[in-house]
Structure formats: structure tokens, C-alpha cells
Amino acid sequence: PVLFHVHGAGGRGTDISVIENHFLLRTFREKKENRFIVVSPQCYADTWFEIFEQLIEFTAFIREESYTDKERFYLAGSSMGGYTTWQLAMTRPEWFAAIIPVCGGGMYWNAGRLKDVPVWAHHGLLDSTVRVEESIKMVNAVNATGGNAKLSIYENVHHNSWENAFTNEEVYLWLLSHKKEQK
């Protein structure tokens, strides 16, 4: 299985060590996690949306690599990457077996495109950078179209809800429980 990870604003630039030390990758190293191949590109622009077409092309490239199990191709991201997770999955819902948007939001009026993509969103209740309502709107919009979205809200957590999401073993078991049948 491949976990395609899009980082938040703090990972922008051209110094790859910033990505290597990202919370998710550091957690995987510390846990000696080996159930996933993690692919985490670095955004060299101000936002992922400035290079969104390149991100789509790179995602397609990784998805076609011989090491990628297309039935277990997952997407996760936090903050700026959480917004990007929602958008990338809505743009190419046929690619992803499940997604984990963390402290992000999106175009809830377009969330019906995710009705066949399992979603587990995460958000800190005290987040003042990206309001928890952003995740609530997206999850409600997916479910209103017959989708399968759930949301974990962490009561005493600010913007760093990725720490709760990416250290939760249930998140990885949940991911692995989902497969996308290839047509």
C-alpha cells in the first residue's frame, strides 16, 4: 500500500530535510512502521494549488509505479495539505481507496464526488488557524450525498491535530481495511 502524503505550509521550500523530519515520517521511523510506502512530495511554491496540475501528474506517476498497489492507494495531509487532500480526492476520486484530511477544509458543494471514497477527517476543537467548522462542513457534505465520512474532533487540541491522527494505530488499521477495486 502507498500512503501519499501532502504536507502543510511548514514544509514548503526546497530543503528536503524539512519533509524527512515531518511528523508523519518521523513517527513512521520511530515506530519502525513498514506496512506502507510513504510518498511525500515537497511543495516548492507558496501553496499546493499553485502547482496543482503538477501534483496531479506526480500523483498519477506514483500510482502507476510497479511498487504501488492501486487497490490500496491512500491519501493524507494536514493543514494546507488537508485542504489539498480534500481537493485532490475530489479531482480524482477513482484513485484513492481512502483519505485522511487533517485540519483542512474544502469545497463542500463539490463533496458529492467523494461519495465512494471513505474519509476519516481529524481536527482540533481549539484550532484557530483552520476552524473545526471546515472539517465539519466537508464531512457533513460527503455524508449528505450518501458517502462514508467520519470526523474525530480532539477537544483540547489546537492546530496540531496531526499528532493525534498520525499516532493513532486505528487510523492505519482503518486505511488498510479499505480497497479500491480497479475497473
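For the structure given in this document, a descriptive report is provided here. Every value quoted in this text rests on a predicted model; they were computed, and no experiment measured them.

1. Regarding helix 7 (residues 169-176)
Considered for burial, the residues of helix 7 that qualify are Val171, Tyr172, Trp174 and Leu175. Projected down its long axis, helix 7 carries its buried residues within an arc of 160°, all on one side. Residue Asn168 occupies the N-cap position of helix 7, its side-chain oxygen lying 2.8 Å from the main-chain nitrogen of Glu170.

2. Thoughts on the environment of Ser177
Within the secondary structure, Ser177 is located in the segment after helix 7. Judged by its relative accessible area of 51%, Ser177 falls in the exposed class. Linking Ser177 and Ala98, residues 79 residues apart in sequence, is a C-alpha distance of 9.2 Å. A polar contact is formed between the side chain of Ser177 and the backbone oxygen of Trp174, at a distance of 2.6 Å.

3. Focus: the packing of helix 3 (residues 52-64) against helix 4 (residues 80-91)
Closest axis-to-axis distance for the helix 3/helix 4 pair is 11 Å, and the angle between their directions is 65°. With respect to helix 4, the axis of helix 3 lies roughly perpendicular. Crossing hand, helix 3 versus helix 4: right-handed. Along the contact surface, helix 3 presents Phe52, Leu55, Ile56 and Thr59, while helix 4 presents Thr84, Gln87, Leu88 and Thr91. Here the contact of helix 3 with helix 4 is built from residues that sort into four nonpolar, four polar and no charged.

4. Describing the nonpolar core
In terms of nonpolar packing, the biggest core is built from 32 residues, with Phe4, Leu75, Trp86, Leu88, Phe96, Ile99 and Leu114 touching the most fellow members. For this core, the secondary structure elements donating two or more residues are strand 1 (2-6), helix 3, strand 3 (73-78), helix 4, strand 5 (119-124) and helix 5 (132-144). Leu114 has contacts with Trp86, Ala89, Met90, Ile99 and Val142, leaving out every residue within four places of it along the chain. Counting 21 residues, the second largest nonpolar core, distinct from the first, contains Ala76, Ala97, Ile100 and Trp174.

Cut-offs used in this document
Residues numbered from 1 in each chain as written. Predicted model: local features only at pLDDT ≥ 70, side-chain atom pairs only at ≥ 80, totals over all residues. Heavy atoms only, no water. Buried < 20%, exposed > 50% of the residue type's maximum accessible area, 1.4 Å probe, protein only. Helix = DSSP H or I, 4+ residues; strand = E, 2+ residues; numbered from the N terminus. Arc of directions from axis to C-beta. Polar contact = N/O pair within 3.5 Å; in protein donor to acceptor, adjacent residues only side chain to side chain. Axes fitted to C-alpha atoms, helices over the stretch in contact; angles between N-to-C directions. Parallel < 35°, antiparallel > 145°, perpendicular 65-115°, else oblique. Left-handed = near helix turned anticlockwise from the far one by under 90°. Contact = heavy atoms within 4.5 Å. Nonpolar A, V, L, I, M, F, W, Y, C, P; charged D, E, K, R; others polar. Core = buried A, V, L, I, M, F, W, Y, C linked by side-chain atoms within 4.5 Å.

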